[in-house]
Amino acid sequence: MRTGATVRTAVTGVGWAVAGPDFDPVTALAVRGMRHKDRASRFAVRAARRALEDAGLLDAPELDGAAVVVSSNFGNLDPVCDTVTTLAAGGSTDIGPMRVPQLSSAVSAAWVALDHGIRGPNLTLCNGASGGLDAVAAARNLIAAGRATAALVIGVEPDSPAVARLHRETAGSRWIDGAVGLVIEPVRQAVRRGARIRAEIAGYGRAHDERSAVRAAGATAVPRLGAEANARFGRCSGALGVVQCALAVERLDDPDVPEGEAVLAVAGAGTGESDGTSVAALVLRLSRGRHT
Amino acid sequence: MSWEISGMSAICALGDTVAGIHGALCAGRSGPAPLSAFDRSKYRAGAAYEVPDRVRAGVDEPLRATRWLVRAVREALADAGLPEPEPGLPVLVGTTHREMRTAELWWRHDGGLSPTDLHFTSALRAAFGLSDVQTIASACAASLYGLGMATDLIALGEADTVVVAGTDAITESSFGGFDRIQFPPPDTIRAFDRSRRGMIMGEGAVAVVLRRPGTHPGPVHGLVRGVSMNCDASHPTAPDAAGIVRAIEEAHDRASVVPEDIGLVIVHGSGTPQSDLAEAVALRDVFKGAAPGPLVTAIKGGMGHISGGAGLLNLVVALEAIRSRTVPPISDLTEPIEETRELRIVTGRPATEPLGTAQVHAVGMGGINAVAIVEGAPR
């Protein structure tokens, strides 16, 4: 064993790229360098940059050995569907060459890595509703296994004709169009570089059902985040767990929150946004001062 | 530490057992067949390596990648003596296209599509009661990424047994996309050949059962010694030899081996001009001091590029090559590129020699690389 699961990891940065007062997709997604990118990658690149800025890691040497972990279920659905429409109307010679990379589910993670020279593991998870929390746990494991100096976790789901059709056919009325990013890094490194530790990752579980997942995360007594993510954005799909973590960090940012306070995020359970296949649970704990 | 492979299975155009696929490669069987379910008038290329299992010739079906995955996982579990796995068993599935072929049929032909079709938890839960499933879409390095993550789960004490798999069915969009950028279209896959023209898509699934040593007394097919995964972060599509070198060196480091220990390399070998060149340069750099150096081969000429499962298929074929002491040759390689001159490329007919340790590559679009080091079975 290289490094134990006991390596402590924490969230040190959050970046939003969802339409709102400080983010206008119409202008933000049309900047230089975006022309050949699909909508999911444009959102992912913006959220990544904001999360790195927030963590104070933009252009930092730590990024060279960092990981990128993207969670998305529908990121490349529209490029794929649009390409078969192009084929039906004509033939393969009508496909734009810059379309080809966009057909890959991994394209957003690759663009983020390229944008910042992030040369560690480049992981994309398409796990359904649990994927965002699974991505945070995967980032923690990549760090614990000595594979990454830090990890940029992005949850992204673009709105597009194919995505909208799929949501409508499955009784959806509102869904997210954007990305959110988290910077995860070893607590020890964050302390060394004087970064603000927003929340420590304190437990994770995945199981058939909510009860088992929460038990596996060691969180039976931890207060659970409500349905804020879905209330604010509608269906979040692969971005759900990352949105939940970002909201949990916002809650823990409140200076009145006592040290040691924890928040439980649950994704994929029957009462929330669920696809009925599995449930993930993840605990974030406030640990402002006790880093030694 | 090392990890035991106690079960394995594979299905592709060339066969539906690991031994059968290895035997077919050694017999020189290869060659794509005419496209059976897509409208051939839409493409310049007319062939692919399809799994010939559609109920009605010429009529496509949804969920083929899922069907092969379930079969491969069932066979690997049975091979490992675990026909009824514990419900908490993690399954890591590497895939490039997921069920995007099912999505295409939905979009164009009013087939059905549920969001749960786009990952593999639903199918593996229905078939085996397993719900700790990751659908890993790290391009064509995905199944070796799954293998690396599985070794971490065991090393970190989160599991004793993990199933790692890969699956993909050819999509019309990607077949069309590659047809757009590869002209003239490749007639065969000729890894490392001067006249190579590119990659031809294949499809299929592969699965292995990975266990912590000491967990079970049964036979094992081999040991995983170490897996690396990284990203070039240098170009959106073209591979970079430097990134592949880093992946090889990290894999050696994790496996505690040196270049002289490697007896066999199965490269990604997709037959594209840039990817083959990058791998050849990387091997030349890494093995320049090793004498005589490893045998080097590639297998995609046999079954095409099966995408997400390609790295894991390289791995199971490597284990079978070690067991049988027989390394299949690179198909249709007649004029090797200059950069391979100092490598012991296997051409023409199988190479037969005792082998201990093998290195397998997966190089995915987006500069996503993974390298695994495996050794033959101690029992």
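## Quick notes on the overall build of chain B
- A count of helical and extended segments in chain B gives 10 helices and 15 strands.
- The globule rule puts the C-alpha radius of gyration for 379 residues at 21 Å, and the 19 Å found for chain B is close to it.
- Over its C-alpha atoms, taken along the principal directions, chain B stretches across nearly 60 × 50 × 40 Å.
- Within chain B, the fraction of its 379 residues that count as buried is 65%.

## Comments concerning the overall build of chain A
- Counting its secondary structure elements, chain A contains 11 helices and eight strands.
- Taken over the C-alpha trace, chain A has a radius of gyration of 19 Å; the compact-globule value for 292 residues is 19 Å, and the two agree within 12%.
- For chain A, the proportion of its 292 residues judged to be buried stands at 62%.
- Across chain A, the fraction of contacts at a sequence separation of at least 24, relative to all contacts at a separation of at least 6, is 80%.

## Digging into the domain arrangement of chain B
All names here are of chain B.
- According to the domain assignment, chain B consists of domain 1 (3–211) and domain 2 (222–376).
- On a C-alpha basis, the centroid separation for the pair domain 1 and domain 2 is 20 Å.
- The interface of domain 1 with domain 2 comprises 61 residues on the first partner and 57 residues on the second.
- Listed by contribution, the elements that provide at least two residues to the side of domain 1 that touches domain 2 are β1 (3–12), α1 (18–26), α5 (142–155), β6 (161–168) and β7 (204–211).
- Residues belonging to the side of domain 1 that touches domain 2 are distributed by class as follows: 35 nonpolar, 18 polar and eight charged.

## What to know about the environment of P34(B)
Residues and elements named next belong to chain B.
- For P34, the position within the fold is in strand β2 (residues 33–34).
- Given 9 C-beta atoms within a 10 Å radius, P34 is considered exposed.
- Placed 30 residues apart in sequence, P34 and R64 show a C-alpha to C-alpha distance of 19 Å.
- The residues touching P34, leaving out its near neighbours within four places in the chain, are G46 and A47.

## Details of the interface of chain B and chain A
- Taken together, the 57 residues of chain B in the interface contact 54 residues of chain A.
- Going through the elements one at a time, α3 (100–109), α4 (121–128), β5 (133–136), α5, α6 (172–181) and β8 (222–231) of chain B are the ones with two or more residues in the side of chain B that touches chain A.
- Per-element accounting of the side of chain B that touches chain A gives the leading share, eight residues, to α6(B).

## Examining the packing of α1(B) against helix α10 (residues 310–324) of chain B
Residue and element names in this part refer to chain B.
- Taken N-terminus to C-terminus, the directions of α1 and α10 make an angle of 75 degrees; their axes are 9 Å apart at the nearest point. Overall, the two elements α1 and α10 adopt an arrangement that is roughly perpendicular. Across the interface between the two elements, V18, A19, I21, H22 and L25 of α1 pack against V316, V317, E320, A321 and S324 of α10.
- Considered class by class, the residues forming the contact of α1 with α10 number seven nonpolar, two polar and one charged.

## A closer look at helix α8 (residues 273–286) of chain B
Residue and element names in this part refer to chain B.
- The end-to-end C-alpha distance of α8, which contains 14 residues, comes to 20 Å, matching closely the 20 Å that a straight helix rising 1.5 Å per residue would cover.
- Within the span of α8, buried status applies to S275, D276, A278, E279, A280, A282, L283 and V286.
- Close packing links the buried residues of α8 with α7 (241–255), β9 (262–266), β10 (295–297) and β14 (357–364).

## Some points on the pairing of β14(B)
Residue and element names in this part refer to chain B.
- Taking burial as the measure, the eight residues of β14 include eight buried ones, the bulk of the element.
- Covered by surrounding structure in β14 are T357, Q359, H361 and V363 together with A358, V360, A362 and G364, the residues of both alternating faces.
- Judged from the eight bridges that link them, β14 and strand β15 (residues 368–376) form a sheet pairing that is antiparallel. Bridging from a neighbouring strand, V360 pairs with A372 of β15.
- The hairpin turn running from β14 into β15, its antiparallel successor, is three residues long, and G366 in that turn takes a positive phi close to 95 degrees.

## What to know about the environment of Q134(B)
- On the secondary structure map, Q134(B) appears in strand β5.
- With residues near it in sequence (within four places) discarded, Q134(B) still touches L125(A), N127(A), D134(A), L92(B) and V93(B).

## Let's talk about the nonpolar core
- Membership of the largest hydrophobic core comes to 228 residues, with the highest contact counts inside it found for A44(A), A151(A), L152(A), V73(B) and A372(B).
- Sort the elements by how many residues they give to this core and α10(B) lands first, with 10 residues.
- Counting contributing residues per domain, this core is built from domain 1 (3–211) and domain 2 (222–376) of chain B, each supplying no fewer than three.
- When near neighbours in sequence (up to four residues on either side) are disregarded, L152(A) contacts A48(A), A51(A), L52(A), A66(A), V68(A), V112(A), I118(A), G181(A) and V183(A).
- Membership of the second largest hydrophobic core comes to 17 residues, among which are V80(A), V100(A), M100(B) and L105(B).

## Some points on the pairing of β6(B)
Residue and element names in this part refer to chain B.
- Counting buried residues in β6 gives eight out of eight residues, a clear majority hidden from the surface.
- Side chains of β6 alternate between two faces, with T161, V163, A165 and T167 and V162, V164, G166 and D168 buried alike.
- Examined bridge by bridge, strand β4 (residues 91–94) and β6 share four bridges and lie parallel to one another. In the strand pairing of β6, V91 is matched with V163.
- Where β6 meets β7, eight bridges bridge the pair, whose relative direction is antiparallel. Residue pairing for β7: V162 is matched across the bridge by L210.

## Regarding the packing of α7(B) against α8(B)
All names here are of chain B.
- Between α7 and α8, the shortest axis-to-axis distance is 8 Å and the interhelical angle comes to 50 degrees. With respect to α8, the element α7 is oriented oblique. Here α7 runs over α8; the crossing is right-handed. Contact residues: A241, I244, V245, I248 and E249 in α7; A278, E279, V281, A282, D285 and V286 in α8.
- Class assignment of the residues belonging to the contact of α7 with α8 gives a composition of eight nonpolar, no polar and three charged.

## Let's talk about the confidence of the model for chain B
- For chain B, mean pLDDT is 96; residues scoring 70 or higher make up 99% of the total.
- The complex prediction reports pTM at 0.98, with the ipTM value standing at 0.97.

## Some details on helix α6 (residues 131–144) of chain A
Residues and elements named next belong to chain A.
- The terminal C-alpha atoms of α6, which comprises 14 residues, lie 19 Å apart, in line with the 20 Å expected from a rise of 1.5 Å per residue.
- A large share of α6 lies buried, amounting to 14 of its 14 residues.
- Of the residues trailing α6, G146 is marked for its positive phi of about 75 degrees.

## Quick look at unusual backbone geometry
Residue and element names in this part refer to chain B.
- P184 follows F183 through a cis peptide bond whose omega is -5 degrees.
- Examined against the element boundaries, P184 turns out to sit in the loop between α6 and β7.
- A cis geometry characterises the amide bond from A291 onward to P292, with omega recorded as 0 degrees.
- Inspection of the secondary structure puts P292 in the loop between α8 and β10.
- Positive phi values are uncommon outside glycine, yet A233 reaches one of about 50 degrees.
- Mapped onto the elements of the fold, A233 is located in the loop between β8 and α7.
- Judged by C-beta crowding, with 25 C-beta atoms within 10 Å, A233 ranks as buried.
- We note that S307 has phi near 65 degrees; this positive angle belongs to a residue other than glycine.
- Within the secondary structure, S307 sits in the loop between α9 (300–303) and α10.
- Residue classification places S307 among the buried positions, given that 31 C-beta atoms sit within 10 Å.

So, how was this worked out
Residues numbered from 1 in each chain as written. Chains lettered and ligands numbered in written order. Predicted model: local features only at pLDDT ≥ 70, side-chain atom pairs only at ≥ 80, totals over all residues. Helix = DSSP H or I, 4+ residues; strand = E, 2+ residues; numbered from the N terminus. Rg over C-alpha atoms; globule rule 2.2 N^0.38 Å. Buried ≥ 20, exposed ≤ 12 C-beta atoms within 10 Å, placed from the backbone. Contact = placed C-beta atoms within 7 Å. Domains from an automatic or database assignment. Nonpolar A, V, L, I, M, F, W, Y, C, P; charged D, E, K, R; others polar. Axes fitted to C-alpha atoms, helices over the stretch in contact; angles between N-to-C directions. Parallel < 35°, antiparallel > 145°, perpendicular 65-115°, else oblique. Expected span 1.5 Å × (residues − 1). Pairing = 2+ DSSP bridges. Core = buried A, V, L, I, M, F, W, Y, C linked by C-beta atoms within 7 Å. Left-handed = near helix turned anticlockwise from the far one by under 90°. pLDDT = per-residue confidence, 0-100.

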